[in-house]
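Structure assessment
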Amino acid sequence: MSWFPPLDLASWPSTAEQAMALQDELRPLIAPVTPPGTRFRTIAGLDSAYDGTGAVAAAAVVLAADTLRPVASAVAHGVADFPYVPGLLAFREIPATLAALEKLDTAPDLLVCDGQGLAHPRRFGLACHVGLLTGVPTIGVAKTVWGDHAEPGPERGASTDIAIDGAVVGRALRTRAGVKPVFVSVGHRIDLDTACAQVLALTPRYRLPETTRHADHLCRAALRTATGN
């Protein structure tokens, strides 16, 4: 039995207009706060890979927070029926992503998405949607940014706020000295300070979190195996 409610694919948006309406409907439900007593013992990275036909492989890789070593993983395959539209990545990725998460025996304590959370043109990126659907604290860690920000200092741990229309929606965070920052935003059930602290803990050697690196490797390998490319 799944540890979160199943996705109702029959009512899943098929057009950009339907998708944006759903984002607007769900946005007020986001809770950008960390529940008291929360501890992150296991952290899952989520990522997806596609080929030119729309075939998708989604991976969920769970790491132990203290060692950053994998303790569980799962892959799900599918077809991305929803077209690529900027700001609507979630509607391509979520069906296969949730299918991969459903294969895990237990819920991780934290999810890290390769994408945006609140730092999104409609304040409802992939991490927000995944967090609401699973009920698990979720962070978006992106390689590119929506919104305005100043360049953070060159040292590891330096950060500056990301703002959209004057509201802070995330942070540009330097995870390696002298290397381009990543862009962290809250998905659900975690605050921005805690999210940034977790991202720094997940990046002891590289720019991207270990969760993302493991999930990226697994989904790409799974897609190559499935398609023979």
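As the structure is a computational prediction, the values presented were derived from the model and not from experiment.

So, on to the packing of aromatic side chains. Applying the stated criterion across every chain yields a total of three aromatic pairs. Note on W12 and F91: the rings are 5.2 Å apart at their centroids and 40° apart in plane angle, and the pair reads as tilted. You can see W12 sitting in the segment before α1 (16-26) and its partner F91 sitting in helix α2 (residues 90-102), a full 79 residues away along the chain. The same class applies to W12 as to F91, namely buried. Owing to a relative accessible area of 2%, F91 belongs among the buried residues under this scheme. Taken together, the ring pairs connect W12, F82 and F91 into an aromatic cluster. A cation over an aromatic ring shows up here: R92 above the ring of Y50, its NZ or CZ 4.6 Å from the ring centre. Directly above the ring of Y206 sits R213, whose terminal nitrogen or CZ lies 3.7 Å from the centroid.

Turning our attention to the nonpolar core. The tendency in soluble globular proteins is for nonpolar side chains to be buried as a group. Core analysis: the biggest nonpolar cluster contains 56 residues, and F91, L101, I139 and V184 have the highest contact counts within it. The element contributing the most residues to this core is α2, with seven residues. Not counting residues up to four positions away in its chain, the partners in contact with L101 are W3, F4, L46, A60, L111 and T134. Counting eight residues, the second-largest nonpolar core is a separate cluster that includes A57, V75, C219 and L223.

This part is about the side chain of R174. Looking at where R174 falls in the secondary structure, it is placed in the loop between β7 (167-173) and β8 (182-188). The buried category is assigned to R174, whose relative accessible area is 6%. Among the polar contacts made by the side chain of R174, one reaches the main-chain carbonyl oxygen of G153 at a distance of 2.9 Å. Apart from the residues within four sequence positions on either side, R174 is in contact with E151, P152, G153, P154, E155, R156, G157, A158, V179, K180, P181 and L200.

UniProt's entry tags D47 and D114 with the feature "binding site: Mg(2+)" (unreviewed entry), counted in the numbering of this structure. Of the residues just listed, which span 68 residues, no C-alpha pair is farther apart than 6.0 Å, and they cluster in one region. Considering only the annotated residues already named, the ones lining the largest pocket are D47 and D114. Here D47 is to be found in strand β1 (residues 42-50). Ignoring any residue separated from it by four or fewer positions in sequence, one finds D47 in contact with A57, A58, A59, D114, T212, A215, D216 and C219. Looking at the secondary structure, you find D114 in the loop between β4 (110-113) and α3 (126-134). Setting aside chain neighbours within four positions, we find D114 in contact with L46, D47, L126, V141, K143 and T212. Here the side chain of D114 touches K143 through a polar contact of 2.9 Å, side chain to side chain.

Reading guide: rules and limits
Residues numbered from 1 in each chain as written. Predicted model: local features only at pLDDT ≥ 70, side-chain atom pairs only at ≥ 80, totals over all residues. Heavy atoms only, no water. Phe/Tyr/Trp six-rings, centres within 6.5 Å; stacked < 30°, edge-to-face > 60°. Helix = DSSP H or I, 4+ residues; strand = E, 2+ residues; numbered from the N terminus. Buried < 20%, exposed > 50% of the residue type's maximum accessible area, 1.4 Å probe, protein only. Lys NZ or Arg CZ within 6 Å of the ring centre and 35° of its normal. Core = buried A, V, L, I, M, F, W, Y, C linked by side-chain atoms within 4.5 Å. Contact = heavy atoms within 4.5 Å. Polar contact = N/O pair within 3.5 Å; in protein donor to acceptor, adjacent residues only side chain to side chain. UniProt positions renumbered as here; feature names shortened; annotations may be inferred. 1 Å grid on protein atoms, 1.4 Å probe; cavity = no way out; pocket = protein on both sides within 12 Å on 5 of 7 lines; lining within 4 Å.

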